[in-house]
Amino acid sequence: MSEVKKSGHSHHQRGRFSGKIGYVLAVAGSAVGLGNIWRFPYLAAKYGGGMFLLVYILLTVSFGYVLIMSETALGRMTRKSPVGAFEHFGKSAPFKIGGWLNAVIPMLIVPYYSTIGGWVIKYLVEYLRGNVQKVSEDGYFGSFIADSWQVEAWFLVFAVLVFAIILGGVKNGVELMSKIMMPVLFGLFLVLAIYIGTLPGASEGYKYILTLNPAGLAKPDLWVFAFGQAFFSLSVAGNGSVIYGSYLSKSEDIPSSARNVAVFDTIAALLAAVVIIPAMAVVLGQGINDVSGGPGLMFVYLVNVFNAMPAGRIIGAIFYICVLFAGVSSIVNLYEAPIAFLQ
Ligand code: PFF
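The paragraphs below set out a description of the structure included in this document. Predicted model, so just to flag it, every value in this text is computed and none were measured.

1. Side note on a nonpolar patch on the surface
Nonpolar side chains collect at one region of the surface, where Leu54, Ile57, Leu58, Val61 and Leu212 lie side by side and expose about 430 Å² of accessible area between them. Inspection of the secondary structure assignment puts Leu54 in helix H3 (residues 50-78). A relative accessible area of 37% means that Leu54 is categorised as partly exposed.

Here it is as structure tokens:
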């Protein structure tokens, strides 16, 4: 929260953002993370491509947008972190539970998030070591995640890194860096989208993304995962908006900031899907179906593209650094509510 000039937790001490762009970028730094880059494309591939995208967008512009606005307003009105913000309306059980849920949910997401963060660091290290060919070999990702000691070790590396950042007080620096890294990541995605578009077989990926199969609407899974992903991606109930809202000045327009955040977050997710799903089509060399992918999508198919492209080692390393920053700037926000409450 680098735009916050002074951070404290009483009504009078709470800092303010220096401007609208600073605010939107800070919230987007929390919202855009592994959820957009790693999780969204694999869910879109798994739950029917175009129909998942459509349902996701509808849920984002309706529920998602309204919830970001409500959370921001709750934070700004009470100037408190979530537990206090809910209690502001009364100390009865529903408000207490509501507040506590907001402090507990982030703690449930953290281990999950840190596992994937560990995968990202592992791949970044492999690219830095020049193992571009090795990581693209068949079965590499599968055997990596089957090795629980290794996964555990990389999980710890990520967790320690995040703790060091929080305890070392360099969180603001990371958030500032992520504002630089985010445009780099967007630019990189654009370059990759264009490059992959020139490869044979990519059209199958676009076809999959654009095909609306109405039968998909009858599948409860599609709705459950689209809902879950929309909330996860927008950091709803992860406290982002309540906390950031508590720093927002009275003169800012909440609906317009919330709209910007939702749009930014959705563009990032769509861009990732438009890169990763066609990359999968290129590598598979045949049509895509719902079972072709899985959580390894970002790790299995993109690495093949990096392996085949000029300067793939450098581009792969930049890619995983950007993804790491996006992940770290999201997870520090997850720690924020429990920490603010403890403080
Ligand atoms: N929105 C983040 C992502 O898409 O990666 C995940 C997240 C961050 C959820 C912060 C909740 C939160 F409070």
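2. Some words on the site of the ligand
Close to the ligand lie 14 residues; Ala31, Gly35, Tyr113, Phe232 and Gly238 are nearest. Note that an oxygen atom of the ligand is positioned 3.1 Å from one of the backbone N or O atoms of Leu34. Contact distances for the ligand include 2.8 Å between an oxygen atom and a backbone N or O atom of Gly35. A total of 340 Å² of accessible area belongs to the ligand in isolation, and the protein chains cover 99% of it. Where the shell around the ligand is concerned, the elements lending two or more residues are helix H1 (20-31), helix H2 (34-46), helix H11 (220-233) and helix H15 (312-342). Split into classes, the residues belonging to the shell around the ligand amount to 5 nonpolar, 9 polar and no charged.

3. Some thoughts on unusual backbone geometry
Located in the positive-phi region is Arg79, a residue other than glycine, with phi close to 55°. Considering the arrangement of structural elements, one finds Arg79 in the loop between H3 and helix H4 (82-87). Positioned with a positive phi, Ser235 is a non-glycine residue whose angle comes to about 60°. As for its placement among the helices and strands, Ser235 is situated in the loop between H11 and helix H12 (240-247).

4. A word on the nonpolar core
It is characteristic of soluble globular proteins that their nonpolar side chains tend to be buried jointly. One finds Phe52, Met298, Phe319 and Tyr320 to be the most contacted residues of the largest nonpolar core, which totals 89 residues. Ranked by residue count, the leading element in this core is H15, at 13 residues. Here Phe319 is in contact with Ile37, Leu185, Leu188, Phe189, Leu192, Met298, Leu302 and Phe306, once residues within four sequence places are set aside.

What counts and how
- Residues numbered from 1 in each chain as written.
- Predicted model: local features only at pLDDT ≥ 70, side-chain atom pairs only at ≥ 80, totals over all residues.
- Heavy atoms only, no water.
- Patch = residues over 30% accessible without salt bridge, like charges linked within 9 Å, V, L, I, M, F, W, Y side chains within 5 Å.
- Areas by Shrake-Rupley, 256 points an atom, 1.4 Å probe, with all protein chains shown as cover.
- Salt bridge = Lys/Arg side-chain N within 4 Å of Asp/Glu carboxyl O.
- Helix = DSSP H or I, 4+ residues; strand = E, 2+ residues; numbered from the N terminus.
- Buried < 20%, exposed > 50% of the residue type's maximum accessible area, 1.4 Å probe, protein only.
- Near = heavy atom within 4 Å.
- Polar contact = N/O pair within 3.5 Å; in protein donor to acceptor, adjacent residues only side chain to side chain.
- Nonpolar A, V, L, I, M, F, W, Y, C, P; charged D, E, K, R; others polar.
- Core = buried A, V, L, I, M, F, W, Y, C linked by side-chain atoms within 4.5 Å.
- Contact = heavy atoms within 4.5 Å.

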